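Descriptive structure summary
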Amino acid sequence: MSKRSYISRYLALIKTTKSKPYSTFEEINHFIDIKYDFLRMQDDTLEMGFSKRTFQRDLKEIRTLFGIEIQYSKKDKGYFLVENNFDDMNFQRMLEAFNLFNSLQISHDMSSFIHLENRKPQGTENLYGLLHAIKNTLQIRYEYNKFWEEEGQEQRHADSYALKEFKNRWYLIALDHKDKKIKTFALERISALEITERKFDYSHSFHVEENYKYSFGIVSPNAEAPEKIILSFTPMQGRYIKSLPLHASQQIIVVNEEELQIQLTLFVTHDFVMELLSFGDQVKVLKPKSLVSEMKRLHKEAYERYE
């Protein structure tokens, strides 16, 4: 059996026991067999079925590879997924990546139905190396292409603290040895990564979650305090904002046939202002006054460019 068959079956087992808790072995086997017929579109030799003995071995492999526990409940007479928030997020991202992989595998036969965005790679080839450096507090060296410079790279020497994702892009949070400041570096602009054997002392005064708690995007300003922001969206746009919140601090304060009002607790950064501008006439800033004035100025300048 191919490695692809094993991985497909592992992820199918996780998905099945998550979506249908306390399923019997026979129900799980049947569900997997009919659910993953589409995988055979690209590989008709793919095998998904398994014996009870193989099933037990798979549960051990899933625990080892993914850190996900599937257990049997004597009370409910079925298998279920032991969940926590991290496992759920971890599994959803793995499943997303695997589904994308399989879609790309069959895309050469269905090119008229699948339209992929033409974009550059996003530097994920360095994820594993950076995670190793972060976990083991190892200093790194790399070449970095600044976003505002067309050509030329700078040699960087840094202490790697964490990785952060924002809008499908990955960023390294690191202490730059050049000026001893904590900065964010886009992975897509990092090249020639070298993980040294020299260790660094992690600054425990810097906590990634706390540092970005009130930030939108990758900018974490040194402002005294975040601001209370109130936005009014049109009913149609409001449906999207409800289903995909702008920020973890989002609270709905008004919802009716005329508008959706939300409150956010954030630092007002360039990234956030650009996000607001992307909504066009579908949003109105109500508070704070400083942000209202800034939005008026930017919309006025945009209008004047067309005169």
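Up top is the structure.
Residues numbered from 1 in each chain as written. Predicted model: local features only at pLDDT ≥ 70, side-chain atom pairs only at ≥ 80, totals over all residues. Heavy atoms only, no water.

**Quick word on the sheet that holds strand β5 (residues 169-176)**
- Read from one edge of the open sheet, five strands run β6-β5-β4-β3-β7, paired in antiparallel fashion. Both outer strands of the open sheet, β6 (181-186) and β7 (190-199), are each paired with one neighbouring strand and no more. Looking at each pair of strands side by side, their axes are set apart by 45 degrees on average, direction ignored.
- Where strand β4 (residues 154-166) lies against β5, eight bridges are found, and the strand directions are antiparallel. Bridge pairing in β5 links E165 to W170. (Pairing = 2+ DSSP bridges. Helix = DSSP H or I, 4+ residues; strand = E, 2+ residues; numbered from the N terminus. Axes fitted to C-alpha atoms, helices over the stretch in contact; angles between N-to-C directions.)

**Section: the sheet that holds strand β11 (residues 283-287)**
- The strand order across the open sheet formed by four strands is β9-β10-β8-β11, and the pairing between neighbours is antiparallel. Edge positions in the sheet fall to β9 (251-255) and β11, since each has one partner strand and no second. Each adjacent strand pair in this sheet contributes to an overall mean axis angle of 25 degrees, direction not counted.
- Relative to β11, helix α9 (residues 289-304) is tilted by about 145 degrees, and along the sheet it contacts β8 (227-233) and β11. (Contact = heavy atoms within 4.5 Å.)

**A look at helix α8 (residues 270-277)**
- Looking only at α8, the buried set comprises F272, V273, E275 and L276. All buried residues of α8 fall inside an arc of 155 degrees around its axis, so they share one side.
- Elements in contact with the buried residues of α8: β8, β10 (260-266), β11 and α9. (Buried < 20%, exposed > 50% of the residue type's maximum accessible area, 1.4 Å probe, protein only. Arc of directions from axis to C-beta.)

**Notes on the side chain of Q139**
- Counting through the fold element by element, Q139 comes out in strand β3 (residues 138-144).
- If near-sequence neighbours (up to four positions away) are discounted, Q139 is found in contact with H157, A158, D159, H177, E194, I195, T196, R198, K199 and F200.

**Quick word on the packing of aromatic side chains**
- Within the structure shown, the criterion is met by twelve aromatic pairs.
- Look at F25 and F55: their rings are 5.3 Å apart centre to centre, the planes differ by 55 degrees, and that puts the pair in the tilted class. You can see F25 sitting in helix α2 (residues 25-35) and its partner F55 sitting in helix α3 (residues 52-66), a full 30 residues away along the chain. This pair shows no difference in class: F25 is buried, exactly as F55 is.
- Their ring planes at 85 degrees and their centres at 5.5 Å tell us that F166 and F216 sit as a pair that is edge-to-face. Of this pair, F166 sits in strand β4 while F216 sits in the loop between α6 (208-211) and β8, placing them 50 residues apart in sequence. (Phe/Tyr/Trp six-rings, centres within 6.5 Å; stacked < 30°, edge-to-face > 60°.)

All quantities given are derived from atomic positions and should not be read as evidence of function.
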